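Inside the fold
Residues per chain are reported as follows:
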Amino acid sequence: MNLWRLIFEEIRYRKIGFLLGLFSVAAAMTAWIGAPVLLRAHDRQTDIIMTQRSRATQEEMHRMEDDYRLIMRDLGYNVMILDGDEDLSGLRARGHPEKTMPYEYVERLGTEGTETLNHLLPVLQERIRVEWEGHDVEIILSGTPGQIPVTHRQRFLTEDGTAYHNPIMETIPAGELVLGHNIAQRLELNAGNQTVLLGKTFRIRQVNRAEGTTDDIAVWCHIDWVQEQLNKPNRINLILALECICEADALGRIVADVNRILPDVQVMEFSSRVKARAQARNRAAAAHRTAMESEREHRRQTAEAYRRFTSVMTPLVVLVAAIWMIFLFLNNVRERTIEIGVLRAIGVGEHTILSVFLLKSLIMGVIGAMLGFVAGHAVGAWWVEMNLFSREFINLVEFRTLWIALIAAPALCMLAAWFPAVGAIHRDPASILCEE
Amino acid sequence: MTQVLQIEHITKRYRRRGRETVTALRNVSLSLNRGDLRFVYGPSGSGKSTLLLCAGGLLRPDQGVITLSDRNPYALTSEARSQLRARHVGFVFQQFHLMPYLSVIDNVLAPTLASVSTDDQRPRAEELIERFGLVPRRNHPPSELSIGERQRVALARALLHQPMLLLADEPTGNLDQDNGKRVMDALREYAAAGGAVMIVTHDRELRDADALHLVDGALTA
Ligand SMILES: Nc1ncnc2c1ncn2[C@@H]1O[C@H](COP(=O)(O)OP(=O)(O)OP(=O)(O)O)[C@@H](O)[C@H]1O
Ligand SMILES: [Mg+2]
């Protein structure tokens with residue numbers, strides 16, 4: 001015979017009392033462990049939902065962005081950057097700017113990362129009269145090296161970052177020309193023809209469709225040759241660009257952004273159809289954001305309600321369980337008074353008798369803590385409708401709480417057992433044994 | 001002859017607040033040596049059980065001195081008194097007081113919980129079970145035993161540690177003649193082997209020539 005044997009046989013004999021005790025510890029631990037699990041699970045779920053939503057929103061935005069990007073690209077560039085001294089009033093009549101800027105400006109816009117512009121196209125152009133294919137014609141000779149990448153907009157660039165996937169205007173190789181509709185018609189030139197311009201032989205790469213603007217008399221070629229012909233090395237007089245859709249409603253910001261990098265230039269905006277669409281898109285984005293915010297706020301309020309509820313319920317459940325357990329142990333001790341008297345009569349010491357009750361409560365506490373740990377998580381998961389075995393939920397399990405529970409629950413039980421047991425061993429064994 | 005128990009002029013009163021004080025023992029003296037088998041006869045309520053509890057170191061008398069194996073148990077700490085009981089005293093209670101959830105064998109082994117001896121008591125427990133004809137009931141709980149069987153389990157439990165002093169309260173009170181004789185033989189044998197046995201009873205049949213009479217808490221010859 002040893003103490004454990006005595007304890008286990010007694011537990012087996014008085015199962016109901018033990019199970020009731022176990023149930024109340026487990027309930028207390030369930031409440032105590034379940035409450036923070038529930039809150040953690042709810043927060044985690046909020047994160048998951050928000051991430052999913054914002055990913056969906058972002059995808060939707062990207063999709064719209066791409067749509068608009070294509071539309072805007074089709075519509076062409078919508079911003080011009082000109083030298084600060086350029087006379088804007090004569091610009092439309094002339095069809096080209098007069099003042100030049102260093103070529104290096106466009107590179108600075110690209111590498112110093114303009115926030116508001118994309119698809120930068122440096123141009124050097126001038127209206128000149130030439131003898132061409134037997135005609136005396138006026139053309140706007142336009143040279144460009146092709147689009148200059150804005151380095152931080154990797155999404156639009158090729159892997160090496162040197163070119164655009166879908167430029168608005170393709171780079172024209174040296175030795176080739178792209179002709180405005182009007183000039184091509186007058187000179188009867190078609191794509192693929194050879195022609196000599198200012199003493200140099202070119203192949204016609206492409207004829208643009210009619211625009212009804214001075215573009216129809218434009219002759220596009222590589223900038224190096226134009227700079228040479230006009231004797232303006234390393235100069236340009238125009239930068240065309242596409243304003244980012246995100247900035248569609250803020251010319252002021254574009255100006256500020258450009259002037260941050262290039263203080264002495266002017267910015268002109270054209271094409272308001274593009275702007276209207278971009279604004280619509282921005283409104284959609286804002287609506288998405290508001291919806292997300294209100295969802296987040298709603299979930300925050302729910303979490304707050306849970307928090308308030310559990311902050312009252314948990315201590316209450318623990319208190320009720322503690323009182324109930326004291327009652328159960330009082331009852332257990334009363335049932336066992338004779339037994340205690342006999343144990344003392346046969347010489348079992350007070351400490352040993354006390355430990356019979358304390359060890360029993362310890363067993364109750366340890367099992368109760370483990371049950372409560374499992375049940376607490378199950379209840380938490382169930383409450384927020386998460387799968388108990390999902391990776392998200394398992395990541396929320398803090399095994400530290402198991403250790404704390406394994407101390408707290410037995411402590412609670414032993415406290416509940418302590419007072420009745422101490423009371424019993426201080427009773428006179430003789431008076432116990434004489435009763436009956 | 002070695003003295004096992006000496007009781008000198010003890011008086012025991014039960015006081016309970018709000019109730020009359022009961023004087024259960026008045027100036028009682030007696031002594032017991034090894035090999036003694038002493039009957040204390042008295043009617044119900046005369047103080048027999050009280051006398052046994054006082055003698056066994058379980059109930060402190062109001063006056064008088066008890067010497068148990070050369071020590072006054074009531075001068076010891078509670079733990080030391082427990083040890084003294086565990087080592088030297090065996091009780092057989094009037095109501096047996098077996099542990100309801102332990103089998104016969106475990107009830108007999110219950111005194112090992114006091115762990116005064118590190119020897120394996122199991123062979124001796126088995127021997128006692130056999131001796132009292134309890135082998136077929138070895139693994140049964142008390143609720144499945146007859147009164148006589150319970151009485152014998154209680155006696156076996158008291159004898160496990162081979163106490164110097166065996167105190168038996170109405171050990172044959174609930175038994176038929178055969179079983180009563182069996183128990184009495186065992187007690188006589190125990191005394192003959194050198195134990196001191198005190199039996200309290202209201203059964204006139206059990207009295208012998210040296211029986212002490214307890215009347216209203218006082219001993220008469
Ligand atoms: N705990 C107690 N409190 C108050 N009075 C008690 C207590 N125990 C016993 N008594 C009283 O003390 C007296 C002696 O009781 P005790 O139990 O010793 O008698 P007994 O001789 O053993 O009787 P029985 O033969 O019926 O067992 C009785 O009058 C009883 O009522
Ligand atoms: Mg009695």
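The shown structure was predicted, so the numbers you read here are calculated from the model rather than taken from an experiment.

All names here are of chain A. Here helix 9 (residues 337-345) crosses helix 10 (residues 350-383) at 145°, and the two axes come no closer than 10 Å. The element helix 9 and its partner helix 10 pack so that their crossing is right-handed. In contact with Ile340, Leu343 and Arg344 of helix 9, helix 10 contributes Glu350, Ile353 and Phe357.

Moving on: the coordination of the magnesium ion (ligand 2). The protein atoms that coordinate the magnesium ion (ligand 2) are Ser49(B) (OG) and Gln94(B) (OE1), at distances spanning 1.9 to 2.4 Å. Of this pair, Ser49(B) sits in helix 1 (residues 48-55) while Gln94(B) is found in the loop between strand 5 (89-92) and helix 3 (104-109), placing the two residues 45 residues apart along the sequence.

Residues and elements named next belong to chain B. Spatially, 6 strands are ordered 5-6-7-3-8-9 in an open sheet, and the strand pairing comes out mixed. Every other strand in the sheet has two partners, leaving strand 5 and strand 9 (218-220) as the edge strands with one partner each. Taking the axes of each pair of neighbouring strands and ignoring which way they run, one obtains an average angle of 20° across the sheet. Note: strand 5 against strand 6 (residues 165-169), 4 bridges, orientation parallel. Residue Val92 lies in a different strand from strand 6, and its bridge partner there is Ala168. The sheet contacts of helix 5 (residues 147-159) involve strand 5 and strand 6, and relative to strand 5 the element is tilted by about 175°.

Looking now at the site of ligand 1. Neighbouring ligand 1 are 14 residues; Ser44(B), Gly45(B), Lys48(B), Ser49(B) and Thr50(B) lie closest to it. Residues lining ligand 1 come from chains A and B. The backbone of Gly45(B) places a nitrogen or oxygen atom 2.9 Å from an oxygen atom of ligand 1. For ligand 1, whose free accessible area comes to 630 Å², the fraction covered by protein is 72%. Of all elements in the fold, only strand 2 (22-33) and helix 1 of chain B reach the threshold of two or more residues within the shell around ligand 1. Grouping the constituent residues of the shell around ligand 1 by class yields 5 nonpolar, 7 polar and 2 charged.

This paragraph deals with a nonpolar patch on the surface. Residue and element names in this part refer to chain A. A surface patch of nonpolar side chains, amounting to about 390 Å² of accessible area, comprises Ile16, Leu20, Trp324 and Phe327. Within the secondary structure, Trp324 is located in helix 8 (residues 272-335). The class for Trp324 is partly exposed, based on a relative accessible area of 33%.

So, on to helix 6 (residues 223-230) of chain A. Looking only at helix 6 of chain A, the buried set comprises Ile223(A), Trp225(A), Val226(A), Gln227(A) and Leu230(A). The secondary structure elements touched by the buried residues of helix 6 of chain A are strand 3 (117-132), strand 4 (135-144), strand 6 (194-197), strand 7 (200-207), strand 8 (218-222) and strand 9 (235-236) of chain A.

With that settled, consider the sheet that holds strand 4 (residues 63-68) of chain B. Residue and element names in this part refer to chain B. Taken in spatial order, the 3 strands make up an open sheet running 2-1-4, and their pairing is antiparallel. Both edges of this open sheet fall to strand 2 and strand 4, since each of them pairs with a single strand only. If you compare each strand with its neighbour and ignore which way they point, the axes differ by 15° on average. Pairing analysis gives 8 bridges linking strand 1 (residues 3-14) to strand 2, with the strands arranged antiparallel. When the sheet's bridge partners are listed, Leu5 is paired in strand 2 with Leu32. Where helix 1 meets the sheet, it contacts strand 1, strand 2 and strand 4, and its direction lies at approximately 125° from that of strand 1.

Turning next to the pattern of salt bridges. Overall, the coordinates contain 32 salt bridges over all chains when judged by the stated rule. The partner of Glu339(A) in a salt bridge is Arg14(A), with the nearest N and O atoms 3.9 Å apart. Taken together, the positions of Glu339(A) in helix 9 and Arg14(A) in the loop between helix 1 (3-13) and helix 2 (15-75) put the pair 325 residues apart, joining distant regions of the chain. Exposure remark for Glu339(A): the relative accessible area of 6% places this residue in the buried category. Between Arg138(B) and Glu126(B) there is a salt bridge, and its shortest N-O distance comes to 2.5 Å.

The nonpolar side chains of soluble globular proteins are, as a tendency, buried together. In this structure, Leu5(B), Leu51(B), Leu155(B), Leu166(B), Leu187(B) and Met198(B) are the most contacted members of the largest nonpolar core, which totals 126 residues. Listed in part, the 45 residues of the second largest apolar core include Tyr103(A), Ile128(A), Tyr164(A) and Ile239(A).

Our next topic: the environment of Gly252(A). All names here are of chain A. Looking at the element boundaries, Gly252 is found in helix 7 (residues 251-261). For Gly252, a relative accessible area of 53% puts it in the exposed group. Separated by 15 residues in sequence, Gly252 and Val267 have C-alpha atoms that sit 9.6 Å apart.

Reading guide: rules and limits
- Residues numbered from 1 in each chain as written.
- Chains lettered and ligands numbered in written order.
- Predicted model: local features only at pLDDT ≥ 70, side-chain atom pairs only at ≥ 80, totals over all residues.
- Heavy atoms only, no water.
- Axes fitted to C-alpha atoms, helices over the stretch in contact; angles between N-to-C directions.
- Helix = DSSP H or I, 4+ residues; strand = E, 2+ residues; numbered from the N terminus.
- Left-handed = near helix turned anticlockwise from the far one by under 90°.
- Contact = heavy atoms within 4.5 Å.
- Donors = N, O, S within 2.8 Å, 3.2 Å for Na, K, Ca; no water.
- Pairing = 2+ DSSP bridges.
- Near = heavy atom within 4 Å.
- Polar contact = N/O pair within 3.5 Å; in protein donor to acceptor, adjacent residues only side chain to side chain.
- Areas by Shrake-Rupley, 256 points an atom, 1.4 Å probe, with all protein chains shown as cover.
- Nonpolar A, V, L, I, M, F, W, Y, C, P; charged D, E, K, R; others polar.
- Patch = residues over 30% accessible without salt bridge, like charges linked within 9 Å, V, L, I, M, F, W, Y side chains within 5 Å.
- Salt bridge = Lys/Arg side-chain N within 4 Å of Asp/Glu carboxyl O.
- Buried < 20%, exposed > 50% of the residue type's maximum accessible area, 1.4 Å probe, protein only.
- Core = buried A, V, L, I, M, F, W, Y, C linked by side-chain atoms within 4.5 Å.

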